[in-house]
Amino acid sequence: MMNYGRDPATDPDPAADSDPAADPARDATPVPAVHAHDLTVVRGGHTVLDSLAFDVPRGQITGLLGPSGCGKSTLMRAVVGTQAKVTGTLDVLGHPAGDPRLRPRIGYVTQDPSVYDDLTVRQNLDYFAAVLHPGRAARALRRDSVTRAIDDVDLTGHADVLAGNLSGGQRSRVSLAVALLGSPELLVLDEPTVGLDPVLRRDLWNLFHTIAGDRGATLLVSSHVMDEAERCHRLLLMREGRLLADDAPDALRDRTGSATVEEAFLHLVDEARATARGTRQPAPLAKESAR
Ligand SMILES: Nc1ncnc2c1ncn2[C@@H]1O[C@H](COP(=O)(O)OP(=O)(O)OP(=O)(O)O)[C@@H](O)[C@H]1O
């Protein structure tokens with residue numbers, strides 16, 4: 001579906017030479033969970049993602065942060081293969097984004113919870129588990145994975161409540177539980193903590209770290225709340241469809257001499273504006289919020 005206009009000289013196809021025997025050095029550098037090069041998306045005649053290049057390392061939490069409208073959801077849709085008009089290279093778990101082989105390996109939670117309001121929490125999970133693991137032989141596996149997913153998102157006490165009677169934050173957590181069902185290698189979560197109280201937000205971030213640390217999954221998590229950046233292993237900072245930074249939070253703060261990621265973000269915005277004006281003088285600190 002993607003990988004339009006790949007330049008073999010600068011951007012080799014990872015699937016084409018994926019035999020480790022052909023190049024033993026590849027063992028030392030595993031294919032990243034996501035590899036993007038010259039990734040561009042045009043929507044309604046407007047360039048929403050502008051020639052992005054980045055890697056998302058495996059087994060870590062990568063935060064995708066930036067103000068509302070900067071292109072986070074568009075990028076996530078491109079990664080899971082549901083975005084139209086994508087050009088450039090976008091490889092996910094070693095395959096072109098959108099490859100049908102990726103479907104069971106990726107969990108995706110959109111901003112709008114996709115749950116059936118007329119089913120209970122457990123019935124929602126049972127339904128999706130039956131699609132994922134059909135047949136009588138998988139009955140115990142289904143039951144265990146449903147129980148674990150409901151527990152993961154702290155909804156055990158609400159398992160028999162109709163989804164339509166849950167709060168917005170609880171319905172979002174049902175969506176997350178559905179995404180966790182198949183123990184995906186890559187979880188793509190679009191603003192999963194919106195509308196949650198601080199305790200639930202903390203618990204969810206703890207869960208994300210468990211999923212990455214204990215289960216070895218890769219998480220790509222978007223947020224426009226900069227304090228969530230501090231909880232990520234790596235950050236992709238975006239603004240107006242471009243990448244401002246691709247770094248670890250500590251390195252980002254050090255590099256910009258900032259106390260927080262939000263301050264670092266503002267520093268980088270000023271730097272980008274100064275560069276655009278063709279001057280090396282940093283502009284005064286912006287007043288706008290990064291949120
Ligand atoms: N159907 C469309 N046609 C044209 N432009 C669109 C369309 N949908 C979104 N856009 C534009 O694409 C840009 C990126 O939108 P996107 O939803 O990816 O941003 P976002 O960073 O996820 O925002 P938010 O944090 O508010 O969800 C925005 O400027 C938006 O106006």
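The rules behind the values
- Residues numbered from 1 in each chain as written.
- Predicted model: local features only at pLDDT ≥ 70, side-chain atom pairs only at ≥ 80, totals over all residues.
- Heavy atoms only, no water.
- Axes fitted to C-alpha atoms, helices over the stretch in contact; angles between N-to-C directions.
- Helix = DSSP H or I, 4+ residues; strand = E, 2+ residues; numbered from the N terminus.
- Parallel < 35°, antiparallel > 145°, perpendicular 65-115°, else oblique.
- Left-handed = near helix turned anticlockwise from the far one by under 90°.
- Contact = heavy atoms within 4.5 Å.
- Nonpolar A, V, L, I, M, F, W, Y, C, P; charged D, E, K, R; others polar.
- Phe/Tyr/Trp six-rings, centres within 6.5 Å; stacked < 30°, edge-to-face > 60°.
- Buried < 20%, exposed > 50% of the residue type's maximum accessible area, 1.4 Å probe, protein only.
- Salt bridge = Lys/Arg side-chain N within 4 Å of Asp/Glu carboxyl O.
- Pairing = 2+ DSSP bridges.
- Core = buried A, V, L, I, M, F, W, Y, C linked by side-chain atoms within 4.5 Å.

J.: What is the right way to read the packing of helix α2 (residues 121–132) against helix α3 (residues 139–152) from this model?
T.: At their nearest, the axes of α2 and α3 sit 10 Å apart, and the two run at 135° to each other. Relative to α3, the element α2 is oriented oblique. Seen from above, α2 lies across α3 with right-handed handedness. In contact with Val121, Arg122, Leu125, Asp126, Ala129 and Ala130 of α2, α3 contributes Arg142, Val146, Thr147, Ala149 and Ile150. Here the contact of α2 with α3 is built from residues that sort into seven nonpolar, one polar and three charged.

J.: Which parts of the structure should I look at to understand the packing of aromatic side chains?
T.: This structure, assessed with the given rule, holds four aromatic pairs. Centroid distance Tyr116 to Tyr127: 5.6 Å. Interplanar angle 90°. Geometry classified as edge-to-face. Residue Tyr116 is located in the loop between β6 (106–109) and α2, and its partner Tyr127 is located in helix α2; the two are separated by 11 residues in the primary sequence. Judged by its relative accessible area of 39%, Tyr116 falls in the partly exposed class. Take Tyr127: its relative accessible area is 40%, and that puts it in the partly exposed class. Measuring from centroid to centroid gives 5.2 Å for Trp205 and Phe208, while their planes differ by 75°, and the two rings are edge-to-face. Of this pair, Trp205 and Phe208 both sit in helix α5 (residues 198–213), three residues apart, which is roughly one turn of that helix. Comparing Trp205 with Phe208, the two get one shared label, buried.

J.: So what exactly am I meant to see when it comes to the pattern of salt bridges here?
T.: If charged atoms from side chains of opposite charge come close, those side chains can pair. Applying the stated criterion across every chain, the model contains 16 salt bridges. Salt-bridge contacts for Arg234 lead to Asp246; the nearest nitrogen and oxygen are separated by 3.2 Å. Taken together, the positions of Arg234 in strand β9 (residues 234–239) and Asp246 in strand β10 (residues 242–247) put the pair 12 residues apart, joining distant regions of the chain. The class of Asp246 is partly exposed, set by a relative accessible area of 29%. In this structure, Arg253 engages Asp250 in a salt bridge whose closest nitrogen and oxygen atoms are separated by 2.4 Å. With Arg253 and Asp250 both in helix α6 (residues 249–256) and three residues apart, the pair spans about one turn of that helix.

J.: Before we go on, may I ask you to explain the pairing of strand β1 (residues 34–43) in this structure?
T.: Sheet faces and side chains relate simply in a regular strand, where the side chains alternate between the two faces. As paired elements, β1 and strand β2 (residues 46–56) share seven bridges and run antiparallel to each other. Bridge assignment links Leu39 to a residue of β2, and that residue is Leu52. Between β1 and β2, which pair antiparallel one after the other, the connecting turn spans two residues, and Gly44 there sits at a positive phi close to 55°. As defined by bridge partners, β1 adjoins strand β4 (residues 86–92) across six bridges and the pair is classed as antiparallel. Across the sheet, residue His35 finds its bridge partner in β4, namely Asp91.

J.: Please explain the nonpolar core as it appears in this structure.
T.: Looking at soluble globular proteins, one finds that nonpolar side chains tend to be buried together. Of all hydrophobic cores here, the largest spans 48 residues; its most connected members are Leu125, Leu176, Phe208, Leu219 and Leu237. By residue number, the principal contributor to this core is α5, which donates seven residues. Residue contacts for Leu237: discarding those within four places in its chain leaves Leu65, Arg242, Leu243, Leu244, Ala245, Leu252, Val261, Phe265 and Leu268. If you look at the next biggest cluster of nonpolar residues, it comprises 28 residues, including Val41, Val56, Val92 and Leu236.

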